[in-house]
Amino acid sequence: MYPIQDRTPVSIVIANYNYAHFLRRSIDSALEQDYDDAEVIVVDDASTDATADVIASYGSRIKTCLREVNGGHAAAFNTGFASSRGEIVLFLDADDYLYPNAVSEVVEAWEEKTAQVQFRLHIVDEQMHVKDVFPPLELPFDSGDVTPELLRKGRYQTTVTSGLAFKRSVLDKVMPVPEPEFRQGADGYLATVAPLHGEVTSIEDCLGAYRIHGANHSVFAERLGQRARWRIAHDFRRLEALSDQATEIGLDMPDDAGLHDPVHLEERLASLCIDRDQHPVANDSRLSLAAAGAAASLKMNASRKRRLMLAGWFLSIGVLPRDMAKTILSWKLVASSRPPFLLRLSKTIRHAMG
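A brief report on the enclosed structure follows. (Residues numbered from 1 in each chain as written. Predicted model: local features only at pLDDT ≥ 70, side-chain atom pairs only at ≥ 80, totals over all residues. Heavy atoms only, no water.)

Quick notes on the side chain of Thr114
Selection rule: The numbering of helices and of strands both runs from the N terminus, where a helix is a DSSP run of H or I of at least 4 residues and a strand a run of E of at least 2. Identification of polar contacts relies on pairs of N or O atoms within 3.5 Å, with a donor-acceptor requirement for protein atoms, meaning one able to donate a hydrogen and the other able to accept it, and with residues adjacent in sequence counted only if both atoms are side-chain atoms. Any two residues having at least one pair of non-hydrogen atoms within 4.5 Å are treated as being in contact.
As for its position among the elements, Thr114 is in strand E6 (residues 114-124). At 2.7 Å, the side chain of Thr114 forms a polar contact with the side chain of Thr201. Ignoring sequence-local partners within four residues, the contact set of Thr114 consists of Lys167, Glu199 and Thr201.

Regarding the pairing of strand E2 (residues 38-45)
Where we set the bar: Think of it in three bands: residues with accessible area under 20% of the maximum for their type are buried, residues over 50% are exposed, and the middle band is partly exposed, with areas taken using a 1.4 Å probe on protein chains only. When DSSP locates at least two bridges between a pair of strands, those strands are taken to pair. Looking down the strands as they point away from the viewer, one classifies a crossover as right-handed if the path from the first strand across the helix to the second runs clockwise.
Where burial is concerned, most of E2 is hidden: 7 out of the 8 residues are buried. Relative to E2, strand E1 (residues 10-16) runs parallel, the two sharing 7 bridges. Bridge pairing in E2 places Asn16 opposite Asp44. In this view, the connection linking E1 to its parallel neighbour E2 by way of helix H1 (residues 20-31) has right-handed handedness. Note that E2 and strand E3 (residues 63-67) share 5 bridges and pair parallel. Its bridge partner lying in E3, Val42 is registered against Thr64. Between the parallel elements E2 and E3, the chain passes through helix H2 (residues 51-56) in a crossover that is right-handed.

Quick notes on the pairing of strand E8 (residues 164-167)
Burial along E8 is two-sided: the residues Leu164 and Phe166 and Ala165 and Lys167 are all buried. As paired elements, strand E4 (residues 88-93) and E8 share 3 bridges and run antiparallel to each other. In the sheet register, Ile88 faces E8, and the bridge partner there is Lys167. Judged from the 3 bridges that link them, E6 and E8 form a sheet pairing that is antiparallel.

With respect to the pattern of salt bridges
Short version of the rule: By definition, a salt bridge exists where a carboxyl oxygen of Asp or Glu is found within 4 Å of a side-chain nitrogen of Lys or Arg.
Taken as a whole and judged by the stated rule, the model has 16 salt bridges. Its salt-bridge partner being Asp36, residue Arg7 comes within 3.8 Å of it at the nearest N-O pair. A residue pair is termed long-range when its members are at least 10 positions apart, and Arg7 in the segment before E1 and Asp36 in the loop between H1 and E2 qualify at 29 residues. Arg7 gets classed as partly exposed once you look at its relative accessible area, which sits at 39%. For Asp36, a relative accessible area of 71% gives the class exposed. Note that Arg268 and Asp284 form a salt bridge whose closest N and O atoms lie 2.6 Å from each other. In this pair, Arg268 sits in helix H9 (residues 262-274) while Asp284 sits in the loop between H9 and helix H10 (286-297), placing the two residues 16 residues apart along the sequence. Judged by relative accessible area, which is 13%, Asp284 ranks as buried.

A short note on helix H3 (residues 73-82)
With 8 of 10 residues buried, H3 lies mostly within the body of the structure. Buried residues of H3: His73, Ala74, Ala75, Ala76, Phe77, Asn78, Gly80 and Phe81, and no others. Buried residues in H3 make contact with E1, E2, E3, E4, helix H6 (168-174) and helix H7 (186-193).

Comments concerning the packing of aromatic side chains
Short version of the rule: Only rings of Phe, Tyr and Trp enter the pairing, Trp through its six-membered ring, and a pair is recorded when the two centres are within 6.5 Å. The plane angle decides the type: under 30 degrees is stacked, over 60 is edge-to-face, the rest tilted. The criterion is that NZ of a Lys, or CZ of an Arg, lies within 6 Å of the ring centre and within 35 degrees of the ring normal, and then a charge sits over that ring.
Scanning all chains against the criterion turns up 7 aromatic pairs. Ring plane angle 70° and centroid distance 5.6 Å describe the contact between Tyr19 and Phe22, whose orientation is recorded as edge-to-face. Taking relative accessible area as the criterion, Tyr19 reaches 16% and is therefore assigned buried. Accessibility expressed as a relative area gives 4% for Phe22, which makes it buried. What links up through ring pairs into an aromatic cluster is the set Phe77, Phe91 and Phe166. Over the ring of Tyr35 we find Arg7, and its NZ or CZ is 4.4 Å from the ring centre. For Arg120, the ring lying beneath its charged end belongs to Phe141, and the centroid distance is 4.4 Å.

Let's talk about helix H8 (residues 224-248)
Put simply, the test is: By definition here, a helix of n residues has an expected span of 1.5 Å times n minus one.
Its 25 residues give H8 an end-to-end C-alpha distance of 36 Å, which sits within 8% of 36 Å, the value for a rise of 1.5 Å per residue. Just downstream of H8 lies Gly250, where phi reads positive at about 85°.

Observations regarding the packing of helix H11 (residues 304-319) against helix H12 (residues 322-333)
What counts here: As a rule, the C-alpha atoms of each element are fitted with a line to give its axis, helices using only the stretch in contact, and angles between N-to-C directions run from 0 to 180 degrees. Residues are grouped as follows: Ala, Val, Leu, Ile, Met, Phe, Trp, Tyr, Cys and Pro are nonpolar; Asp, Glu, Lys and Arg are charged; all remaining types, including Gly, are polar.
Two numbers describe how H11 lies on H12: the axes approach to 9 Å, and their chain directions differ by 145°. Of the residues in H12, those touching H11 at Leu310, Trp313 and Ile317 are Ala325, Ile328, Leu329 and Lys332. Tallied by class, residues from the contact of H11 with H12 come to 6 nonpolar, no polar and 1 charged.

Looking at the nonpolar core
Note that soluble globular proteins tend to have their nonpolar side chains buried in a common cluster. To be explicit about the condition: In this text, buried Ala, Val, Leu, Ile, Met, Phe, Trp, Tyr and Cys residues form a nonpolar core when linked through side-chain atoms within 4.5 Å.
Counting 38 residues, the largest nonpolar core has Phe91, Leu171, Met175, Val177, Tyr189 and Leu190 as the members making the most contacts within it. Of the residues forming this core, the biggest block, 5 residues, is contributed by H7. When sequence neighbours within four positions are dropped, the list of residues in contact with Met175 reads Phe77, Asn78, Phe81, Phe91 and Leu190. In terms of nonpolar packing, the next biggest core, distinct from the first, is built from 35 residues, Val10, Ile55, Ile88 and Ala102 among them.

Shown next, in the form of structure tokens:
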């Protein structure tokens, strides 16, 4: 149990920008928690839609922070955190929502050394129909002291904004989130540096919903190269922040950490294959990235079948003709691009690798 007190104050910070059509569900989910001491803070990042009307309808039931100038994800996080009082803080994207037991389950799972709690989310569509689980159940969370994994490859198995909760004293050490660098993807910064200051506690249950829709920043289905380049840049910024934080507490991080991370290498391959001229890393080659990806895949925290399948995928991207490699890349990274027979096959393989 969490060591501070029996009824630990919790803050739910909802970050919103032009999501008025989703915001009410998000706020309602925060207000409907079956936990007594949870404040709800809504940060509006200078929206131009009907957000103001939605927020005003809640009156004093929520604390409101209205930013006059749009600053992005990090700015909204920083604004909300500065207004919060909770010893545990959850950041909730305005298009997502929590289930009523989310906060109580997080508090119940909290341990003395916990810096961050993570839990799975249902993937839902715009109409809130459940489509899947994120992260997939066959990918085990990394828990406990994840610092060795972070320093080795710059990543561990975690989740997105709405599936994370942080200890306030840890956030005091790593915030404010650098705003220019993390205008988007502020959760990536927090989930990367927070575990340097404590342990990660994982909950396997789905405690909320992660809504996938056409306006998600992280979804560029028809612009795969653009998405890959954004993610590569985001990874480089995360790795720099991680290195700086590690140095502050006397830890060393290798310069080539990203080359041990299958997720990062996948994006590097996608960028190189799809648009070589705009690829941001001059010395990359398909074969070298594929070989590094295959080696990194074999060290993943996943089933042996999954590790072998991913290693084989990397090698195929490295040696196949470019046009064929691009097609196979898109099949993996964008589900909607897969032909029907491959969708059926991928479901079969996924179940087999679970």
